[in-house]
Amino acid sequence: MTKVLVATDKPFAAIAVKGIREVVEGAGYELALLEKYTDKSQLLDAVKDANAVIIRSDIIDAPVLDAAKELKIVVRAGAGYDNVDLAAATAHNVCVMNTPGQNSNAVAELVFGMLVYAVRNFYNGTSGTELMGKKLGILAYGNVGRNVARIAKGFGMDVYAYDAFCPADVIEKDGVKAVASTADLFKTCQIVSLHIPATAETKGSINFELMSSMPKGAIVVNTARKEVIDEAGLAKMMEERPDFKYITDIKPAIDADLTAKYPDRYFGTPKKMGAQTAEANINAGIAAAKQIVDFLQNGNEKFRVNK
Ligand code: NAD
């Protein structure tokens, strides 16, 4: 019988597992669960006879793929898939997918939770500022970026965006001003929200030069990936620009240092929590199960990321 394994170090909510089970068993497949595993050997063992695997932030690397002799497809329930070795998956003839869009609203709402916190001086009781009328720059107009734009308009913000692959007219159709480059976005906007993936081009790309070009009272909010920040540049920016705030859902390696030195200008969520909502959890898990069924039954590769 076709076996679908849910391998989640950080488990799905029970209601999401219930939904996944309904989809998988409804297709006549067997569902296996490996949750909160403490050792990689448990994962290596569990994947042995799995035909499909649903993961979250779990690492799928060459050793896992070597052990998974029957594996046809891995679906990352979520957007970012840098935890999967795509080249190794391709070499093993395994299709890798993500579930884009399912957690975008959750992440976008957190951006504003953190932004209000930042402009109100981390709720320390002193007078802050408002978001209305401020220039917000959205770096990458993908699934999360678009949701950020939608919410920003509700706040009455002046919204700008740059995306290396999304044409300006698509951005402008949403009533958002398209700028020509990342550099223009940072120069123009007092607040910049990062929504780029971690790629060879973007890693370390948010550097001192970009951040220091921002207007006075600058804020960078990062709900994307910690790798996109040049941490030495961030440290320099925090030191040289007392008006600058950095708020992040993904702590940099220098988190403890920044927390100690700048408790009123630096904030990192205790754990990455952008996608941690009941809704996102359920949506992404069920979408992953449906994509697996559609792939195994109909060969649908719409969300394949290792083309
Ligand atoms: P997405 O794939 O929908 O959008 C990414 C966008 O980035 C695309 O529009 C693409 O054209 C653009 N892009 C790629 N390279 C670029 C570059 N060099 N310069 C400018 N634009 C570029 O992804 P998404 O779902 O919107 O996710 C965005 C980011 O948020 C990713 O880094 C993802 O890993 C992260 N994320 C974090 C959480 C969390 O829990 N904090 C949850 C979901 C996603």
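As a reminder, the structure under discussion sits directly above these lines.
Residues numbered from 1 in each chain as written. Predicted model: local features only at pLDDT ≥ 70, side-chain atom pairs only at ≥ 80, totals over all residues. Heavy atoms only, no water.

1. Considering the overall build of the protein chain
Thinking step 1. Broken down by element type, the protein chain carries 12 helices and 12 strands.
Thinking step 2. A globule of 307 residues ought to have a C-alpha radius of gyration of about 19 Å, and the protein chain, at 21 Å, matches this closely.
Thinking step 3. In terms of overall dimensions, the protein chain has a C-alpha envelope of 60 × 45 × 35 Å along the principal axes.
Thinking step 4. For the protein chain, buried positions account for 50% of its 307 residues.
Thinking step 5. In the protein chain, the share of contacts with a sequence separation of at least 24, taken over all contacts with a separation of at least 6, comes to 63%. (Helix = DSSP H or I, 4+ residues; strand = E, 2+ residues; numbered from the N terminus. Rg over C-alpha atoms; globule rule 2.2 N^0.38 Å. Buried < 20%, exposed > 50% of the residue type's maximum accessible area, 1.4 Å probe, protein only. Contact = heavy atoms within 4.5 Å.)

2. Observations regarding helix α10 (residues 231-240)
Thinking step 1. Listed as buried for α10 are E231, G233, L234, M237 and M238. Down the axis of α10, the sector holding all buried residues measures 155°, keeping them to one side. Turned more than 90 degrees off the buried face of α10, the exposed positions are A232 and E239.
Thinking step 2. Buried positions along α10 lie against α9 (208-212), β11 (245-248), α11 (255-261) and β12 (266-268). (Arc of directions from axis to C-beta.)

3. Concerning the side chain of N121
Thinking step 1. On the secondary structure map, N121 appears in the loop between α5 (104-119) and β6 (135-139).
Thinking step 2. At a separation of 2.9 Å, a polar atom in the side chain of N121 contacts the main-chain carbonyl oxygen of S127.
Thinking step 3. Those residues in contact with N121 that sit more than four places away from it in its chain are T126, S127, G128 and K245. (Polar contact = N/O pair within 3.5 Å; in protein donor to acceptor, adjacent residues only side chain to side chain.)

4. Quick word on unusual backbone geometry
Thinking step 1. The phi dihedral of K36 falls on the positive side, at around 50°, and the residue is not glycine.
Thinking step 2. Inspection of the secondary structure puts K36 in the loop between β2 (30-35) and α2 (40-46).
Thinking step 3. For Y123, which is not glycine, the phi torsion reads 55° and is therefore positive.
Thinking step 4. With respect to the secondary-structure elements, Y123 resides in the loop between α5 and β6.
Thinking step 5. Taking the relative accessible area as the measure of exposure, Y123 reaches 55% and is therefore exposed.

5. Considering the site of the ligand
Thinking step 1. Neighbouring the ligand are 23 residues; N143, V144, D163, I196 and D249 lie closest to it.
Thinking step 2. Take G274: an N or O atom from its main chain is 3.5 Å from an oxygen atom of the ligand.
Thinking step 3. One nitrogen or oxygen atom from the main chain of A275 is found 3.3 Å from an oxygen atom belonging to the ligand.
Thinking step 4. Relative to its unbound accessible surface of 860 Å², the ligand loses 84% to contact with the protein.
Thinking step 5. Classifying every residue of the shell around the ligand gives 11 nonpolar, 8 polar and 4 charged. (Near = heavy atom within 4 Å. Areas by Shrake-Rupley, 256 points an atom, 1.4 Å probe, with all protein chains shown as cover. Nonpolar A, V, L, I, M, F, W, Y, C, P; charged D, E, K, R; others polar.)

6. Let's talk about the layout of surface pockets
Thinking step 1. Computed from the structure, the second largest pocket encloses a volume of approximately 370 Å³.
Thinking step 2. Looking at the second largest pocket, it is lined by 17 residues, and the ones nearest its centre are S57, R225, K226, I250 and K272.
Thinking step 3. Taken together, the residues of the lining of the second largest pocket sort by class into 3 nonpolar, 4 polar and 10 charged.
Thinking step 4. When residues of the lining of the second largest pocket are sorted by domain, at least three fall in each of domain 1 (3-102 + 277-298) and domain 2 (125-263). (1 Å grid on protein atoms, 1.4 Å probe; cavity = no way out; pocket = protein on both sides within 12 Å on 5 of 7 lines; lining within 4 Å. Points joined across faces, edges and corners; volume = space filled by probe spheres on them. Domains from an automatic or database assignment.)

7. A look at the pattern of salt bridges
Thinking step 1. Applying the stated criterion to the full structure yields 12 salt bridges.
Thinking step 2. Where D61 meets K40, a salt bridge forms, and the shortest distance between an N and an O atom there is 2.4 Å. Residue D61 is located in the loop between β3 (52-55) and α3 (62-67), and its partner K40 is located in helix α2; the two are separated by 21 residues in the primary sequence.
Thinking step 3. Among the residues examined, K40 registers a relative accessible area of 34% and is labelled partly exposed. (Salt bridge = Lys/Arg side-chain N within 4 Å of Asp/Glu carboxyl O.)

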